Amino acid sequence: MTLHNKKIMNFVNGEMVEPLSGQYFETIEPATGQPYALVPDSNKDDLDRAVIAAQNAFPAWRDTPAEERAAMMNKLADLIDERQDNFIQAESKDNGKPVSLAGALDIPRGTANLRTFADAAIQFKGDVFEKDTSYTYTLRQPFGVVATISPWNLPFLLFTWKFSPALAAGNCVIAKPSEVTPMTAYMLSELINEAGFPPGVLNILHGKGANIGSAITNHPDIPTISFTGGTATGIEIYTNAAKQLKKVSLELGGKNPTIIFDDAEWDKALEGAKTAAFANQGQVCLCGSRLFIQDTIYDRFKADFIKKVETIKIGDPKDTNTQHGATVSKDHMEKVLSYIALAKEEGGTVLTGGNRRILEGRCKDGYFIEPTVIDGLPHTCRTNREEIFGPVVTLMPFSTEDEVIEMANSTDYGLAASVWTQDQNRADRVATRLENGMVWQNCWNLRDLEAPFGGFKKSGIGREGKWRAMQFFTQEKTIGRPR
Ligand code: TXE
């Protein structure tokens, strides 16, 4: 028998509503493999209703003073903080990630996003070009109704990261969380009215990419879309959006290199390489899934790295000691396992891990995969070029700076990289030549929310971050007069 203890609702025009079709599908708890909630299978009719609500709300929201918009965003953050533990537990259950990670990263970063963009609403401004004979200035104006589409790996963090700048800039929003992890977006929707947002300003529609997602990208009254997700989906959205000349921001996949030179600080590099490879079960677009190690230290680093990886505690995500939870879904687990099989076919050696892990008790049917380390593969093989997006890292030796740069740059992706060396000149030289939107030196995933975030090549188009996202969600108007 299937037990659903929760029915998720859409949030449209300030009200919790059922999908107009009355259709729902199940969402599964990855740690147990059991369905536990129903998700609206929203479609174009739901979207039309939400777009009308957003259009009606827009003139008043656009004209609301930035300080008032910011106050509502801060209030929403406060309301979430008051319920932080509920959000942490829900995120962990929905996604399979350890509660320790949801508590350290996902939920606090979600509220930090709201506060960062509340601040940006107040501080954001246009430019002035004051010359002897002319005076010109710019306004940054909202579009009207915009949409955000977000993924399942950091559900709450990326959901808030995308809609917050849109609201701050004065747009009304249709936000679509991932159908795989809808719960914390739903919980947030329960607080929107209490935070003071007028009806129609922030609308949340749940459902599948092929249905409601595709309806969003094709809707004629949504001129702007911000998307985070897989590269194949990004290309589809970009193609659809191009037909109507929509403005699109795409944050897509990665196949990120971690580069360890022989003068790196040993313990820090080991720890950093491990975290980069396995954080969130390897399901972060920034994960360092290719580990390049200088040949002079290759064997010793490899041995210490395997030892370290084998200490990672796999377990029930609800257990506060767990460091490594479940992958997000059965389909995704199977995809990751198929890549481990491919790595073996391509001649790789699995040094540790490599299997699904069956736990006892509550989690016996969960989607757990062991942290997996593989070597013996050329940098050109599929395993080393395609995004696996799971707890799998490959090790490769290199001898020179030129060689490692060439190997690191040899994928279609170009999101992030980390470089480990005590020679700052070398770190800077390598950072300059890497084809990645972000390079971390002697650290991984150091995030300043003000700094630009985004990728080169097939990792995306555009940049996010405090000011870049505000620019994305506004159109610039230039006004001039003679002096
Ligand atoms: O993501 P999708 P999936 C990568 C990772 C993963 C692969 C596929 O490699 O294995 O992508 O994951 C919505 N029109 N990343 O299939 O499909 C969808 O409903 C409009 C990297 O789960 O990209 C969800 O809300 N929207 C990544 C969102 O897109 C559509 C994070 C993301 O789903 C749509 C996640 C369509 N046609 C996966 N199809 C990262 N870079 O962080 C789907 N969606």
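Residues numbered from 1 in each chain as written. Predicted model: local features only at pLDDT ≥ 70, side-chain atom pairs only at ≥ 80, totals over all residues. Heavy atoms only, no water.

Looking at the sheet that holds strand 4 (residues 24-29)
Sheet architecture is open: three strands sit in the order 1-5-4, paired in mixed fashion. Every interior strand has two partners, whereas the edge strands, strand 1 (6-7) and strand 4, have only one. (Pairing = 2+ DSSP bridges. Helix = DSSP H or I, 4+ residues; strand = E, 2+ residues; numbered from the N terminus.)

Quick notes on the environment of Leu 434
Turning to its location among the elements, Leu 434 is positioned in the loop between helix 14 (424-433) and strand 22 (438-441). Each C-alpha atom of the pair Leu 434 and Arg 481 lies 45 Å from the other, and the pair is 47 residues apart in sequence. Here Leu 434 is in contact with Ile 259, Ala 408, Asn 409, Ala 417, Val 419, Val 439 and Phe 456, once residues within four sequence places are set aside. (Contact = heavy atoms within 4.5 Å.)

Details of the sheet that holds strand 6 (residues 128-130)
As a general point, the strands of a sheet are linked pairwise by backbone hydrogen bonds and lie either parallel or antiparallel. Read from one edge of the open sheet, three strands run 6-7-25, paired in antiparallel fashion. In the strand order of this sheet, the two ends are held by strand 6 and strand 25 (474-482), each with one partner. Adjacent strand axes in the sheet meet at a mean angle of 15 degrees when their direction is disregarded. Both strand 7 (residues 134-142) and strand 25 contribute to a ladder of nine bridges, which runs antiparallel. Within strand 25, the position partnered with Gln 141 by the bridge is Gln 475. (Axes fitted to C-alpha atoms, helices over the stretch in contact; angles between N-to-C directions.)

Focus on the pattern of salt bridges
Inspection of every chain in the model, using the stated rule, returns 29 salt bridges. Here Glu 265 and Lys 268 are joined by a salt bridge, their closest N and O atoms 3.6 Å apart. A relative accessible area of 39% places Glu 265 in the partly exposed class. One salt bridge connects Glu 370 with Arg 357, and the closest N-O pair in it is separated by 3.1 Å. Here Arg 357 lies in strand 16 (residues 356-357) and Glu 370 lies in the loop between strand 17 (368-369) and strand 18 (372-375), a separation of 13 residues in the sequence. For Glu 370, a relative accessible area of 13% translates into the label buried. Taking the relative accessible area as the measure of exposure, Arg 357 reaches 31% and is therefore partly exposed. (Salt bridge = Lys/Arg side-chain N within 4 Å of Asp/Glu carboxyl O. Buried < 20%, exposed > 50% of the residue type's maximum accessible area, 1.4 Å probe, protein only.)

Comments concerning the site of the ligand
If you check the shell around the ligand, you find 26 residues, and the closest are Trp 152, Glu 179, Gly 230, Lys 335 and Glu 387. Glu 179 places a polar side-chain atom, nitrogen or oxygen, 2.5 Å from an oxygen atom of the ligand. Between an oxygen atom of the ligand and a main-chain N or O atom of Gly 230, the distance comes to 2.7 Å. Contributions of two or more residues to the shell around the ligand are made by helix 8 (209-218), strand 11 (224-228), helix 9 (231-242) and helix 12 (330-345). Looking at the shell around the ligand, its residues break down into nine nonpolar, twelve polar and five charged. Counting contributing residues, the shell around the ligand receives three or more from each of domain 1 (6-252 + 459-482) and domain 2 (257-448). (Near = heavy atom within 4 Å. Polar contact = N/O pair within 3.5 Å; in protein donor to acceptor, adjacent residues only side chain to side chain. Nonpolar A, V, L, I, M, F, W, Y, C, P; charged D, E, K, R; others polar. Domains from an automatic or database assignment.)

Focus on the nonpolar core
Most often, soluble globular proteins keep nonpolar side chains buried together rather than apart. Counting 100 residues, the largest nonpolar core has Ile 174, Leu 188, Phe 197 and Leu 286 as the members making the most contacts within it. Per-element accounting of this core gives the leading share, nine residues, to helix 5 (residues 155-168). Among the domains, domain 1 (6-252 + 459-482) and domain 2 (257-448) are the pair contributing at least three residues each to this core. Dropping the residues within four chain positions of it, Phe 197 is found in contact with Trp 61, Met 72, Met 73, Leu 76, Leu 167 and Ile 192. Of all hydrophobic cores here, the second largest spans 20 residues; its members include Ile 260, Ala 277, Leu 291 and Ile 297. (Core = buried A, V, L, I, M, F, W, Y, C linked by side-chain atoms within 4.5 Å.)

Observations concerning the packing of aromatic side chains
If you walk through the whole model with that rule in mind, you get eleven aromatic pairs. With centroids separated by 5.8 Å and ring planes inclined at 45 degrees, the aromatic side chains of Trp 61 and Phe 197 adopt a geometry described as tilted. With a gap of 136 residues between them, Trp 61 in helix 1 (residues 44-62) and Phe 197 in the loop between helix 7 (192-195) and strand 10 (202-204) connect regions that are remote in the sequence. Judged by its relative accessible area of 1%, Trp 61 is buried. (Phe/Tyr/Trp six-rings, centres within 6.5 Å; stacked < 30°, edge-to-face > 60°.)

Regarding the pairing of strand 22
Of the two faces of strand 22, the one holding Met 438 and Trp 440 is buried and the one holding Val 439 and Gln 441 is not buried anywhere. Note that strand 21 (residues 416-420) and strand 22 share four bridges and pair parallel. Along strand 22, the bridge assignment pairs Ala 417 with Val 439. Of the crossover connections in this fold, the one passing from strand 21 over helix 14 to the parallel strand 22 is right-handed. (Right-handed = clockwise from strand over helix to strand, strands pointing away.)

Points about the domain arrangement of the protein chain
One widely used convention gives an interface's size as the accessible area the parts lose upon coming together. Partitioning the protein chain into structural domains gives domain 1 (6-252 + 459-482) and domain 2 (257-448). For domain 1 versus domain 2, the distance between C-alpha centres works out to 30 Å. With 27 residues of domain 1 at the contact, the number on the domain 2 side is 29 residues. Of the roughly 2,100 Å² buried at the junction of domain 1 and domain 2 (both faces included), carbon and sulfur atoms supply 54%. Taken together, domain 1 and domain 2 are joined by one salt bridge. The closest approach of N and O atoms between Glu 29 and Arg 362, which form a salt bridge, is 3.1 Å. Applying the counting criterion to the domain 1 and domain 2 interface returns ten residue pairs in polar contact (both at pLDDT 80 or more). Secondary-structure elements contributing two or more residues to the side of domain 1 that touches domain 2 are strand 4, helix 3 (84-95) and helix 4 (99-123). Per-element accounting of the side of domain 1 that touches domain 2 gives the leading share, four residues, to helix 4. By residue class, the composition of the side of domain 1 that touches domain 2 is eleven nonpolar, eleven polar and five charged. (Buried area = accessible area lost by both parts, 1.4 Å probe.)

Topic: a negative patch on the surface
A contiguous patch of negative charge, built from Asp 262, Asp 295, Glu 403 and Glu 406, is present on the exposed surface. Its location among the elements puts Asp 295 in the loop between strand 14 (288-294) and helix 11 (298-309). (Patch = residues over 30% accessible without salt bridge, like charges linked within 9 Å, V, L, I, M, F, W, Y side chains within 5 Å. Areas by Shrake-Rupley, 256 points an atom, 1.4 Å probe, with all protein chains shown as cover. Lys, Arg positive; Asp, Glu negative; His and termini not counted. Charge placed at Lys NZ, Arg CZ, Asp CG, Glu CD.)

A look at helix 8
For helix 8, the full list of buried residues reads Ile 212, Gly 213, Ala 215, Ile 216 and Thr 217. Summarising the contacts, the buried residues of helix 8 are in contact with helix 1, strand 8 (145-149), strand 9 (172-176), strand 11 and helix 9.

Re the packing of helix 4 against helix 5
A pair of packed helices can be characterised by two numbers: the angle between their axes and the separation between those axes. Interaxial distance between helix 4 and helix 5 falls to 8 Å at its minimum, and their mutual angle equals 10 degrees. Of the possible angle classes, the one that applies to helix 4 and helix 5 is roughly parallel. Facing Leu 105, Asp 106, Ile 107, Arg 109, Gly 110, Thr 111, Asn 113, Leu 114, Phe 117 and Ala 121 of helix 4, the residues of helix 5 in contact are Pro 155, Phe 156, Leu 157, Thr 160, Trp 161, Phe 163, Ser 164, Pro 165 and Ala 168. Along the lines of polarity and charge, the residues of the contact of helix 4 with helix 5 split into twelve nonpolar, five polar and two charged. (Parallel < 35°, antiparallel > 145°, perpendicular 65-115°, else oblique.)

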